[in-house]
Amino acid sequence: MKIAVVGTGYVGLVTGTCFAETGNQVTCVDIDVRKVERLQKGEIPIYEPGLDVLFDRNVAEGRLLFTTSLAEGIKDAQVIFLALPTPPGEDGSADLKYILGVANDLGPILDQYAVIIDKSTVPVGTAEKVHAAIAKNAKVDFDVVSNPEFLREGVAVEDFMKPDRVVVGTTSEKAKKVMEKLYAPLVRQGNPVIFMDERSAEMTKYAANSFLAMKITFMNEIANLCEKVGANVDDIRRGIGTDSRIGKRFLFAGIGYGGSCFPKDVQALAKTSKDYDYDFRILKSVMDVNYDQKKKLLPMVENYFASDLKGKTIAVWGLAFKPYTDDIREAPALENIEALLAAGAKVVAYDPEAMTNVKGILGDKITFTHTPYAALDDADALMIFTEWPQFRTPEFEKMGKLLKNKVVFDGRNLYELDQMREMGYTYYSIGREKVVPA
Ligand code: UDX
């Protein structure tokens, strides 16, 4: 098939590359000239494990092209993906200006039947709006389909190539056939392509992300209560996750969810509820709890230093909102660092992938190091914000010699309590007792 993908962000680039890998001819379109030039030179603008191999192969074999011209990109395309940003507006609703802008431009240049696919996470009713925007000037028949993307950053290629399910919202039989053909190579193992109407597909994406955000938030609240009653959230997680109705995944308590999806999507679903005069109470709690959770370690730090952080050096491990990505959108690390700086502390940080992005925001307000251990040298304490695997089994003795105080504030529960006690650390984590040296 000939495919166009409009928008080369995380979702667009992964979609384009993976559909080229399944044998389609793909052209990715983006208005960002510099980004397109880099892509044409073979440079991938994001860090996503496994994407480079597929990208290089499909570029080399001529199946994956890049252009800034929408008309050139959609020429002869049977399928046109819209993978454009939907940033939250001031009131929390998803801003559709990019999607509707492209839809307006598409109308006059469509020259044959095409299936136009909303891949971005968009509010209920967007497919109808996109349809109307194209129809204003279209001379040919077309369908607009809602096909939300469920990939996770960091495992995007794997999620895309082996999806648990594919959700397709369309009532057009013609579009349905195209979508079946397109996804056939990705669902060979029997995972379903679930067809529904456009509005239900749009709602499915918000329901999925909000449910997952709620699941994490529930565990964060259990963790907060565990601290008060003297229970261990790790044991609770094992105790409830083994119930197949609950499931083992997404039960890890920590310093709140971040990233480009959960915060935005929970907010947008709350806004949709408000627009339809429905009081979606759980969503409000999810947002409230997560707001507080992200700053949860700060009072512990303040308490440890008797509210005097002036001149203290805090080492930070992990800046990305989660491991295997350089994405720092809504990352808890950033808010915490800003608060530490405001309190007069110095921050020395290490992250395997996200330091360049943070430097872009914080400049030289903080210091970056090339190794995790270099960040600890003469620091007064260590704070951990991202569970990169390399932080899981560090050399505790070496750490202890570098740090001025053997104290760790861990937002991701990386270490065993007994181990920290034996090693002589003061150790704060989430939903577990505070460890003081034996
Ligand atoms: C999410 C959805 O999982 C994906 O289906 C959707 O397409 C986009 O949004 P992503 O934002 O890449 O994907 O990250 P995800 O792995 O889901 O993690 C989201 C946040 O939840 C991270 O901040 C992570 O640290 C946090 N999290 C996750 C927890 O705090 N505890 C958990 O148990 C799981």
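Residues numbered from 1 in each chain as written. Predicted model: local features only at pLDDT ≥ 70, side-chain atom pairs only at ≥ 80, totals over all residues.

The name given to the chain in an unreviewed UniProt entry is UDP-glucose 6-dehydrogenase, with the source organism recorded as Dyadobacter soli. For the chain, the Sequence similarities (unreviewed entry) comment in UniProt is given as "Belongs to the UDP-glucose/GDP-mannose dehydrogenase family." (UniProt positions renumbered as here; feature names shortened; annotations may be inferred.)

**Q** Requested: an account of the pairing of strand S9 (residues 313-317), with residues and values cited.
**A** In terms of burial, S9 is a largely internal element, five of the five residues being buried. Of the two faces of S9, the one carrying Thr313, Ala315 and Trp317 and the one carrying Ile314 and Val316 are both buried. In terms of handedness, the path from S9 via helix H14 (residues 332-342) over to strand S10 (residues 346-350) forms a crossover that is right-handed. (Buried ≥ 20, exposed ≤ 12 C-beta atoms within 10 Å, placed from the backbone. Helix = DSSP H or I, 4+ residues; strand = E, 2+ residues; numbered from the N terminus. Right-handed = clockwise from strand over helix to strand, strands pointing away.)

**Q** Can you tell me about the site of the ligand, naming the residues and giving the values?
**A** Taken together, 19 residues surround the ligand, and among them Glu153, Phe252, Tyr257, Gly259 and Cys261 come closest. Ranked by residue count, the leading element in the shell around the ligand is helix H9 (residues 198-229), at three residues. Here the shell around the ligand is composed, by residue class, of 11 nonpolar, four polar and four charged. The residues that make up the shell around the ligand include at least three from each of domain 1 (2-196) and domain 2 (205-293). (Near = placed C-beta within 6 Å. Nonpolar A, V, L, I, M, F, W, Y, C, P; charged D, E, K, R; others polar. Domains from an automatic or database assignment.)

**Q** Any details on the domain arrangement of the chain? Residues and values, ideally.
**A** According to the domain assignment, the chain contains domain 1 (2-196), domain 2 (205-293) and domain 3 (297-428). Its C-alpha centre places domain 1 at a distance of 38 Å from the equivalent point of domain 3. Of the residues contributing to the side of domain 1 that touches domain 3, the split by class is three nonpolar, one polar and one charged.

**Q** Now, about the environment of Gly62: what can you tell me, with residues and values included?
**A** One can find Gly62 in the loop between helix H3 (51-60) and strand S3 (64-67). On the neighbour-count criterion, Gly62 (9 C-beta atoms within 10 Å) is exposed. Sequence separation of Gly62 and Ala20 is 42 residues, and the distance between their C-alpha atoms is 9.2 Å.

**Q** Lay out the packing of H9 against helix H12 (residues 281-293) in plain terms, naming residues and giving numbers.
**A** Between H9 and H12, the least distance of the axes is 9 Å, while the angle of their chain directions is 55°. Relative to H12, H9 is oriented oblique. Once H9 is placed against H12, the crossing between them reads as left-handed. Judged by residue contacts, Ser210, Ala213, Met214, Thr217, Asn220 and Glu221 of H9 engage Ile282, Leu283, Val286, Val289, Asn290 and Gln293 from H12. For the contact of H9 with H12, the residue count by class is six nonpolar, five polar and one charged. (Axes fitted to C-alpha atoms, helices over the stretch in contact; angles between N-to-C directions. Parallel < 35°, antiparallel > 145°, perpendicular 65-115°, else oblique. Left-handed = near helix turned anticlockwise from the far one by under 90°. Contact = placed C-beta atoms within 7 Å.)

**Q** Any details on the UniProt feature "domain: UDP-glucose/GDP-mannose dehydrogenase C-terminal" (unreviewed entry) in the chain? Residues and values, ideally.
**A** When the UniProt feature table is mapped onto this chain, "domain: UDP-glucose/GDP-mannose dehydrogenase C-terminal" (unreviewed entry) is found at residues 315-417. For residues 315-417, the helix share is 31%, the strand share is 17%, and the end-to-end C-alpha distance is 21 Å.

**Q** Run through helix H8 (residues 173-183), naming residues and quoting values.
**A** Those residues of H8 that fall on the buried side of the exposure criterion are Ala175, Val178, Met179 and Leu182. Down the axis, H8 shows its buried residues gathered within 95° of arc, on one side only. In this structure, H8 carries Glu173, Lys177 and Lys181 as exposed residues pointing more than 90 degrees from its buried face. (Arc of directions from axis to C-beta.)

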